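Close look at the chain arrangement
One-letter residues, chain by chain:
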Amino acid sequence: MALVLLVVAVVFILENRQLTEIRLLLPVVLMPLWAALTGTLLIGLVVGVLLDRQRRR
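All values reported here derive from a predicted model rather than from experimental measurement. Residue numbers here run from 1 along each chain, matching the order of that chain's written sequence. Local features in a predicted model are, by the rule used here, given only for residues with pLDDT of at least 70; side-chain atom pairs are given and counted only at 80 or more, and totals for whole chains, interfaces and linings are based on all residues. The side-chain figures draw on all heavy atoms in the structure; neither hydrogens nor water molecules are used.

Attention now goes to the overall build of the protein chain. The helix and strand tally for the protein chain stands at 2 helices and 2 strands. Counting from the N terminus, the helices are DSSP H or I runs at least four residues long and the strands are E runs at least two residues long. In the protein chain, the succession of α and β elements from N to C terminus is α-β-β-α. Whereas a compact globule of 57 residues would reach a radius of gyration of roughly 10 Å, the protein chain reaches 15 Å, over 25% beyond that. Overall size of the protein chain, expressed as C-alpha extent along the three principal axes, is 45 × 40 × 5 Å. Across the 57 residues that make up the protein chain, the buried fraction comes to 4%. Here the globule rule is a power law, 2.2 Å times the number of residues to the power 0.38, and the radius of gyration is based on C-alpha atoms. Each residue's exposure class comes from its accessible area (1.4 Å probe, protein chains only) as a fraction of the maximum for that residue type: buried when under 20%, exposed when over 50%, partly exposed otherwise.

Okay, structure coming up:
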């Protein structure tokens, strides 16, 4: 299973290497698309964990 996830991650990165423009309120940041998508995923996971913790109290 870990090998399959690793292969999927490598393919994801290789397919999304082009630079994209990300606007963060005022500054504009250029970064690879895979990094922007991974960052968004991580932020979503953190928010989900925090909301789940709050709901369980």
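Moving on from the coordinates now.
Two strands pair when backbone bridges link them, and strand β1 (residues 19-23) and strand β2 (residues 28-32) are joined in this way by 5 bridges, in the antiparallel orientation. Counterpart to glutamate 21 in the pairing with β2 is leucine 30. If you look at the hairpin formed by β1 and β2, you'll find 4 residues sitting between the two strands, and leucine 25 has a positive phi there, around 60 degrees. A pair of strands is considered paired only if DSSP assigns at least 2 bridges between the two.

Here we come to the pattern of salt bridges. When a carboxyl oxygen of Asp or Glu lies within 4 Å of a side-chain nitrogen of Lys or Arg, that pair is called a salt bridge. By the definition in use, this model includes 2 salt bridges. The salt bridge partner of aspartate 52 is arginine 55, with a shortest N-O separation of 2.8 Å. With aspartate 52 and arginine 55 both in helix α2 (residues 33-56), this residue pair falls 3 residues apart, about one helical turn. For arginine 56, the salt bridge identified is with aspartate 52, shortest N-O distance 3.0 Å.

Moving on, we get to the side chain of asparagine 16. Relative to the assigned elements, asparagine 16 resides in the loop between α1 (2-15) and β1. From its side chain, asparagine 16 meets the backbone oxygen of phenylalanine 12 in a polar contact 2.9 Å long. Throughout, a residue-residue contact means that at least one pair of heavy atoms, one from each residue, lies within 4.5 Å. Excluding residues within four positions of it along the chain, asparagine 16 makes contact with Pro32, Leu33 and Trp34. A 3.5 Å cut-off defines polar contacts: any pair of N or O atoms within that distance qualifies, except that in protein one atom must be a possible hydrogen donor and the other a possible acceptor, and neighbouring residues in sequence count only when both atoms are side-chain atoms.

Despite not being glycine, leucine 25 has its phi angle at roughly 60 degrees, a positive value. Looking at the secondary structure, you find leucine 25 in the loop between β1 and β2. For leucine 25, a relative accessible area of 80% puts it in the exposed group.

On the surface, a nonpolar cluster with roughly 550 Å² of combined accessible area is contributed by Leu3, Leu6, Val7, Val10, Val11 and Leu14. Position of valine 11 relative to the elements: it lies in helix α1. Of the residues examined, valine 11 reaches a relative accessible area of 45% and is grouped as partly exposed. Each patch is built from residues lacking any salt bridge and having more than 30% relative accessible area; the joining distance is 9 Å for like charges and 5 Å for nonpolar side chains (Val, Leu, Ile, Met, Phe, Trp, Tyr). The method behind every accessible area is Shrake-Rupley, applied with a 1.4 Å probe, and residues are considered shielded solely by the protein chains displayed.

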